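Topology and contacts: notes
What follows is each chain in one-letter form.
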Amino acid sequence: MSLLGSVVSSPSTRLFACFLRLGAQQAGLLQLHTGASHAAKSHYEVLVLGGGSGGICMAARMKRRVGAENVAIVEPSERHFYQPIWTLVGAGAKQLSSSGRPTASVIPSGVEWIKARVVELNPDKNCIHTDNGKEIKGLPEGFAHPKIGSNYSVRTVEKTWKALQDFKEGNAIFTFPNTPVKCAGAPQKIMYLSEAYFRKMGKRPKANIIFNTSLGAIFGVKKYADALQKIIQDRNLTVNYKQNLIEVRADKQEAVFENLDKPGETQVISYEMLHVTPPMGPPDVIKMSPVADAAGWVDVDKETLQHKRYPNVFGIGDCTNLPTSKTAAAVAAQSGILDKTISRIMKNQIPMKKYDGYTSCPLVTGYSRVILAEFDYNAQPLETFPFDQSKERLSMYLMKADMMPFLYWNMMLRGYWGGPAFLRKLFHLGLS
Ligand code: UQ1
């Protein structure tokens, strides 16, 4: 994953905002100090670490609050990706090229882009330094072989589509790791899409479709889990729980799973196609810093998003320990709350707005079908539309495939989309 970068700040720096991303890239380490060549200044009123969804939309919002010249954003990547669409790229329904834009084009104008990676966080001194996990045996080198793909990386998402097209007969295996992941629905969405593709191509009778998940349930919200279970039955999909991918023997087309209920007990399954959801975790720079909780995530208050120990540090998105699902929809809702929190703190007031854990997962169940899961911290449905969203719908597919990318690039990244709460209230006027 990529992360932060840095600049040092002085006591005059009021905020040290922390908006890191969760991902799979490795951080290389090298030191750069204050005001080095990367940065025009060495102090900023608001320093945004990480140019993912959270970082970019908060930079846009902070620019409106304190002026562009007082905001800087640290992000090493040249390109910004709209990752939610990779589910459809992996299934051949969208082009990869449609998912990325130059990072320069999404940084709010006037905000300084420090193109570097953060290697050290020192919130006690309001200062950061820039530079420029656990792995599955056999990966990532196994991705060099055909028949393996992963919708979780720009480098491997098109391999999913290739493996789907090349599929002849045998096992198509989809995995879910033993760690928190971005968008917990994505590992199974590609399974439903693959099933639909095999059916379309007449290969379905020759495909044995298997979802091997580390979890003990198909989805964390009962309403949607029930709907998914029915789809799994109707489409004759096999789901094995508590199965964790520990090794890929790409040359032999074999995947090795450990039974999490019986540590040490393993099973080898051969595959014709394998979709891997890699283990994920916080980047080392956060894990080793004082802003982390015991598990390594940025330790923030779950309602205000303010850091629990450093009042001028805030978190949004994948890097935080917010006990909700890590999605762009969650980031959108968090950005609206965090904007309000920071505004009140800048005026020495107590934060008022509370984040309810809203997150959304458009569960793509076919090339024109989506179950739109939306829920809160209590795993209770929090649905926007006045109809039963646990039903598969074409309208929700069109929203996922075509409306959301537009809303993301044009509204959310510019700091004008704080989630659909207002729509929910409008649609449920006088009800809940
Ligand atoms: C959303 O706000 C969002 O963030 C931009 C997504 O990420 C791509 C989503 O997938 C969804 C469903 C929402 C929620 C928005 C509506 C209109 C229900």
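Residues numbered from 1 in each chain as written. Predicted model: local features only at pLDDT ≥ 70, side-chain atom pairs only at ≥ 80, totals over all residues. Heavy atoms only, no water.

Attention now goes to the overall build of the protein chain. Each helix and strand in the protein chain was counted, giving ten helices and 19 strands. Residue burial in the protein chain is summarised as follows: out of 432 residues, 59% are buried. Looking at the protein chain as shown, the accessible area adds up to about 17800 Å², and 53% of this sits on carbon and sulfur atoms. (Helix = DSSP H or I, 4+ residues; strand = E, 2+ residues; numbered from the N terminus. Buried < 20%, exposed > 50% of the residue type's maximum accessible area, 1.4 Å probe, protein only. Areas by Shrake-Rupley, 256 points an atom, 1.4 Å probe, with all protein chains shown as cover.)

The subject of this paragraph is the confidence of the model for the protein chain. Averaged over the protein chain, the pLDDT score is 89; the fraction of residues at 70 or greater is 89%. Here residues 1–37 is modelled with pLDDT under 50, and outside its nearest four sequence neighbours on either side it reaches 172 contacts, counting other chains as well. (pLDDT = per-residue confidence, 0-100. Contact = heavy atoms within 4.5 Å.)

Time to look at the pattern of salt bridges. Taken as a whole and judged by the stated rule, the model has 21 salt bridges. Put simply, lysine 162 and aspartate 166 hold a salt bridge, and the shortest N to O gap is 2.7 Å. One end of the pair is lysine 162 and the other is aspartate 166, both in helix H4 (residues 157–166) and four residues apart, which spans about a single turn. The class for lysine 162 is partly exposed, based on a relative accessible area of 49%. On the basis of relative accessibility, which here comes to 29%, the residue aspartate 166 falls in the partly exposed class. A single salt-bridge network, built from bridges that share partners, covers Lys137, Glu247, Arg249 and Glu254. (Salt bridge = Lys/Arg side-chain N within 4 Å of Asp/Glu carboxyl O.)

Now for the packing of aromatic side chains. Per the counting criterion, the structure on display carries 13 aromatic pairs. Relative to tryptophan 409, the ring of tyrosine 82 has its centre 6.4 Å away and its plane inclined at 55°; by these criteria the two rings are tilted. For the pair shown, tyrosine 82 and tryptophan 409 are each scored as buried. Taking 5.8 Å as the distance between ring centres and 80° as the angle between the ring planes, the aromatic pair formed by tryptophan 417 and phenylalanine 422 counts as edge-to-face. Of the residues examined, tryptophan 417 reaches a relative accessible area of 11% and is grouped as buried. Grouped by ring-pair contacts, the aromatic residues Trp161, Phe167, Tyr197 and Phe198 constitute a single cluster. Over the ring of tryptophan 297 we find lysine 326, and its NZ or CZ is 4.2 Å from the ring centre. (Phe/Tyr/Trp six-rings, centres within 6.5 Å; stacked < 30°, edge-to-face > 60°. Lys NZ or Arg CZ within 6 Å of the ring centre and 35° of its normal.)

A separate point is the sheet that holds strand E15 (residues 266–270). Reading across the sheet, the three strands line up as E13-E14-E15 and stay open at both edges, with antiparallel pairing between neighbours. Every other strand in the sheet has two partners, leaving strand E13 (243–249) and E15 as the edge strands with one partner each. Strand-to-strand twist in this sheet, taken as the mean axis angle between neighbours without regard to direction, amounts to 30°. Relative to strand E14 (residues 254–259), E13 is paired through six bridges, and the arrangement is antiparallel. Across the sheet, the residue bridging to arginine 249 is glutamate 254, located in E14. (Pairing = 2+ DSSP bridges. Axes fitted to C-alpha atoms, helices over the stretch in contact; angles between N-to-C directions.)

Attention now goes to the side chain of lysine 326. Tracing the sequence through the fold places lysine 326 in the loop between strand E17 (313–315) and helix H8 (328–346). Among the polar contacts made by the side chain of lysine 326, one reaches the main-chain carbonyl oxygen of threonine 320 at a distance of 3.1 Å. (Polar contact = N/O pair within 3.5 Å; in protein donor to acceptor, adjacent residues only side chain to side chain.)

This next bit is on helix H5 (residues 186–200). With 15 residues, H5 should reach 21 Å at 1.5 Å per residue; the first-to-last C-alpha distance of 21 Å fits that figure. With 13 of 15 residues buried, H5 is to be regarded as a mostly interior element. After H5 finishes, the residue glycine 202 shows a positive phi value of roughly 75°. (Expected span 1.5 Å × (residues − 1).)

A separate point is unusual backbone geometry. Omega for the peptide link from leucine 139 to proline 140 comes to 5°, which places this bond in the cis form. Its location among the elements puts proline 140 in the loop between strand E8 (127–131) and strand E9 (148–149). Positive phi, close to 60°, is recorded for asparagine 236, a residue that is not glycine. Along the chain, asparagine 236 falls in the loop between helix H6 (222–234) and strand E12 (238–240). Overall, asparagine 236 belongs to the exposed group, its relative accessible area being 60%. Look at leucine 305: it is not a glycine, yet its phi comes out positive at around 70°. Inspection of the secondary structure assignment puts leucine 305 in the loop between helix H7 (284–287) and E17. The class of leucine 305 is buried, set by a relative accessible area of 0%.

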